[in-house]
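The chain contents come next:
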Amino acid sequence: MKIATPYRAYASYYRRARGRLVASAGLSLLRAVLLAPIPILVGRAIDRAIPEREIGQLMLIGGGILLFTALSAAAQVAAKAVGATTTKNAVARLRVDTIDRLLKVSRRQYSTTDPGTLHDHVINETKRIENGSSAVIDDYLPGSIVIIAISVVLIQMNLLLTVVTVGFGPLIYLANKILGRWVDQQIGRSNHSFERMSRGVLSMLRSMDLIRIQGAETHESGVQEAVITEHSANTVKRAVGVTIYQVTQQSLIAMSGTAVLVIGGLSVINGGMTIGDLISFYAGFALLKGPLSGLAHRAPAVIEGRRSLLRLYGLIGDDDDRPYKGTRDIGLVGNIAVEGVTFAYEERAILHDVSLRLEPGRVTGLVGPNGSGKSTIVNLIVGFYRPDHGHLTADGVHYDEIDMVSLRRRMGIVPQQPELRNATSLENIVYGRDGLSEEDVRLALHLA
């Protein structure tokens with residue numbers, strides 16, 4: 001199945017949780033509505049309650065501000081809980097689907113991809129996607145709602161100062177565009193060097209005996225040190241880049257606040273507004289500053305999540321390239337036929353017009369030098385590869401019709417390099433077979 005676009009495919013995980021998304025947006029809107037009266041109450045306290053020495057009214061205003069603040073905080077926590085649940089569930093589903101995709105990928109593709117890279121896709125890329133999604137759902141969505149709601153209130157309070165505030169928007173957008181692209185490059189280099197480091201350590205652990213037999217401990221240590229040093233340098237560049245991005249955004253926001261203070265102060269001096277109006281507007285701007293700073297702080301996570309999403313779907317979004325896609329369960333008796341098969345790995349020819357028959361109760365041995373195709377024939381029989389020419393049948397049924405999973409479950413296969421999972425002996429024996437009794441296990445051990 002070809003994925004139309006990574007964004008559309010990933011969005012499908014959230015369509016199942018539309019109710020939660022609506023609830024999260026509703027709670028964020030409620031938070032914004034609860035915050036909106038605070039600047040107005042501040043202005044009333046400065047212009048009326050304090051000058052007129054109305055202690056009761058001042059206490060009432062203070063209580064109102066505390067109440068609205070507490071209720072908005074509760075709404076924020078509730079929105080966070082709903083949003084976090086939605087994101088965690090979506091990413092969990094993405095991870096399961098990624099695992100399913102890896103289990104179905106063709107042997108040809110799997111054998112040409114480093115396991116460390118595949119591991120990084122499942123663990124690290126999905127973690128970055130989770131962080132980016134969390135930033136969008138928990139910060140960008142509620143932050144945008146609060147910004148819009150407070151901006152409407154500010155327009156009602158003072159149009160000129162609102163225009164001054166919004167006037168810095170293009171600068172913030174331009175800085176985001178330019179610096180965001182640069183940060184994206186730094187993140188890419190850092191992630192790539194981390195993947196190289198992870199692959200290198202994994203390869204070292206798998207080759208420990210070879211390293212010691214060759215007396216290559218010093219060489220291997222030097223190789224690993226070089227990779228680790230490169231990653232460290234890239235990490236520093238990334239940290240500096242992210243900091244520059246965040247500081248630039250926050251500085252522009254601070255400049256906007258300074259402009260409001262200066263222009264508003266001039267308006268107070270000229271009698272265009274009261275000091276209470278200015279403080280009231282500035283209090284509203286302070287409510288904007290939090291979400292705006294939050295967006296700037298979380299933007300790198302969104303950038304990294306986007307990069308990881310595209311990279312992940314570069315792996316799991318490809319066409320289904322399984323050699324066989326049949327669905328028929330034939331209940332194998334044991335007759336396997338290889339007929340006129342030709343096969344090559346990339347450009348290297350291995351088999352040419354080979355035919356072979358395997359029958360129940362008959363032992364067949366394949367003899368030949370290394371590289372002559374013995375293992376390749378076994379891989380073709382178990383359906384790991386599809387021949388370039390010719391075909392295979394099981395009990396007279398063409399492989400194209402057969403469900404390969406059910407066929408393999410009826411075969412006993414001992415590969416050249418047997419693998420034991422990190423589990424008990426019993427768990428290794430019964431792996432992939434549910435519902436086996438102790439007698440079934442004892443019989444299997446006896447037969448083996």
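Quick look at the structure, then. Computed from a predicted structure; not experimentally measured.

## Re the overall build of the protein chain
Along the backbone of the protein chain there are 15 helices and four strands. A compact globule built from 448 residues would reach a C-alpha radius of gyration of about 22 Å, whereas the protein chain, at 32 Å, exceeds it by more than 25%. When its C-alpha atoms are laid out on the principal axes, the protein chain stretches across 105 × 50 × 40 Å. When each of the 448 residues of the protein chain is scored for burial, the buried share is 37%. Total accessible area computed for the protein chain in this model is approximately 25,800 Å², and 60% of it derives from carbon and sulfur atoms. Across the protein chain, 48 positive and 41 negative side-chain charges occur, with their mean positions spaced 5 Å apart.

## Digging into the packing of helix 4 (residues 55-104) against helix 6 (residues 115-157)
Close contact between helix 4 and helix 6 brings their axes to 9 Å; oriented N to C, the two are set at 155°. It follows from the interaxial angle that helix 4 and helix 6 lie roughly antiparallel. The two elements helix 4 and helix 6 cross, and the hand of that crossing is right-handed. Residue-level inspection shows Lys80, Gly83, Ala84, Thr87, Lys88, Val91, Leu94, Arg95, Thr98, Ile99 and Leu102 of helix 4 in contact with helix 6, the latter providing Leu118, Val122, Ile123, Thr126, Lys127, Ile129, Glu130, Ser133, Ser134, Ile137 and Asp138. Its residues placed into classes, the contact of helix 4 with helix 6 shows ten nonpolar, six polar and six charged.

## Let's talk about the layout of surface pockets
Estimates place the volume of the second largest pocket at around 1,000 Å³. Forming the walls of the second largest pocket are 40 residues, and the residues nearest its centre are Tyr140, Asn176, Tyr245, Leu295 and Ala299. Elements with a contribution of two residues or more to the lining of the second largest pocket: helix 1 (6-15), helix 6, helix 7 (159-167), helix 8 (169-206), helix 10 (217-269) and helix 11 (275-316). Split into classes, the residues belonging to the lining of the second largest pocket amount to 25 nonpolar, eleven polar and four charged.

## Focus: a nonpolar patch on the surface
On the surface, Leu160, Val262, Ile263, Leu266 and Ile269 cluster together to form a nonpolar patch covering roughly 470 Å² of accessible area. Sort the elements by how many residues they give to the nonpolar patch and helix 10 lands first, with four residues. Looking at the secondary structure, you find valine 262 in helix 10.

## Brief notes about the packing of aromatic side chains
Given two aromatic rings, their pairing is described by the distance between the two centres and the angle made by the two planes. Counted under the stated rule, the structure contains seven aromatic pairs. Judged by centre distance (5.4 Å) and plane angle (80°), the ring pair of tyrosine 10 and tyrosine 14 falls under edge-to-face. Of this pair, tyrosine 10 and tyrosine 14 are both found in helix 1, four residues apart, which corresponds to roughly one turn of the helix. Judged by relative accessible area, which is 8%, tyrosine 10 ranks as buried. The class of tyrosine 14 is buried, set by a relative accessible area of 10%. Judged by centre distance (5.4 Å) and plane angle (50°), the rings of phenylalanine 343 and tyrosine 385 are tilted. With phenylalanine 343 in strand 1 (residues 336-345) and tyrosine 385 in the loop between helix 12 (374-381) and strand 3 (389-394), this pair connects stretches of sequence that are 42 residues apart.

Reading the values: rules and limits
- Note on numbering: residues in each chain are counted from 1, in written sequence order.
- Local features in this predicted model are restricted to residues of pLDDT 70 or higher, and side-chain atom pairs are both shown and tallied only at a pLDDT of 80 or more, whereas totals for entire chains, interfaces and linings draw on every residue.
- Values reported for side chains reflect all heavy atoms of the structure, with hydrogen atoms and water molecules removed beforehand.
- Per the convention used, a helix needs a DSSP run of H or I reaching at least four residues, while a strand needs a run of E reaching at least two, with both numbered from the N terminus.
- Only C-alpha atoms enter the radius of gyration, while the globule expectation follows 2.2 Å times N to the 0.38, with N the number of residues.
- Burial classification: accessible surface area is computed with a 1.4 Å probe over protein chains only, and a residue below 20% of its type maximum counts as buried, one above 50% as exposed, and the rest as partly exposed.
- We get accessible surface area from the Shrake-Rupley algorithm with a probe of 1.4 Å; when it comes to residues, only the shown protein chains can shield them.
- Just so you know, the count uses Lys and Arg for positive and Asp and Glu for negative, and it drops His and the chain ends.
- Charged groups are reduced to one reference atom each: NZ for lysine, CZ for arginine, CG for aspartic acid, CD for glutamic acid.
- To define axes, lines are fitted to C-alpha atoms, for helices over the stretch in contact only, and angles between the resulting N-to-C directions are given on a 0 to 180 degree scale.
- Here roughly perpendicular refers to angles of 65 to 115 degrees, roughly parallel to angles under 35, roughly antiparallel to angles over 145, and oblique to all remaining angles.
- Crossings are sorted by hand: turned counterclockwise from the far helix by less than a right angle, the near helix makes the crossing left-handed, and turned clockwise it makes it right-handed.
- Note on definitions: a residue-residue contact is assigned when non-hydrogen atoms from the two residues lie within 4.5 Å.
- Residue polarity is assigned by list, with Asp, Glu, Lys and Arg as charged and Ala, Val, Leu, Ile, Met, Phe, Trp, Tyr, Cys and Pro as nonpolar; anything else, Gly included, falls into the polar class.
- Using a 1 Å grid laid over the protein atoms alone, points where a 1.4 Å probe fits but cannot get out form a cavity; open sets with protein on both sides within 12 Å along at least 5 of 7 lines form a pocket; any residue with an atom within 4 Å of a point counts as lining.
- Grid points are joined across faces, edges and corners, and a volume is the space filled by probe spheres set on the points.
- The patches reported here contain residues having more than 30% relative accessible area and no salt bridge. Joining distances are 9 Å for like charges and 5 Å for nonpolar side chains (Val, Leu, Ile, Met, Phe, Trp, Tyr).
- Only one rule defines a salt bridge in this text: a Lys or Arg side-chain nitrogen within 4 Å of an Asp or Glu carboxyl oxygen.
- Planes of paired rings set the category: under 30 degrees apart is stacked, over 60 is edge-to-face and the rest tilted, where pairs are Phe, Tyr or Trp rings (Trp by its six-membered ring) whose centres lie within 6.5 Å.

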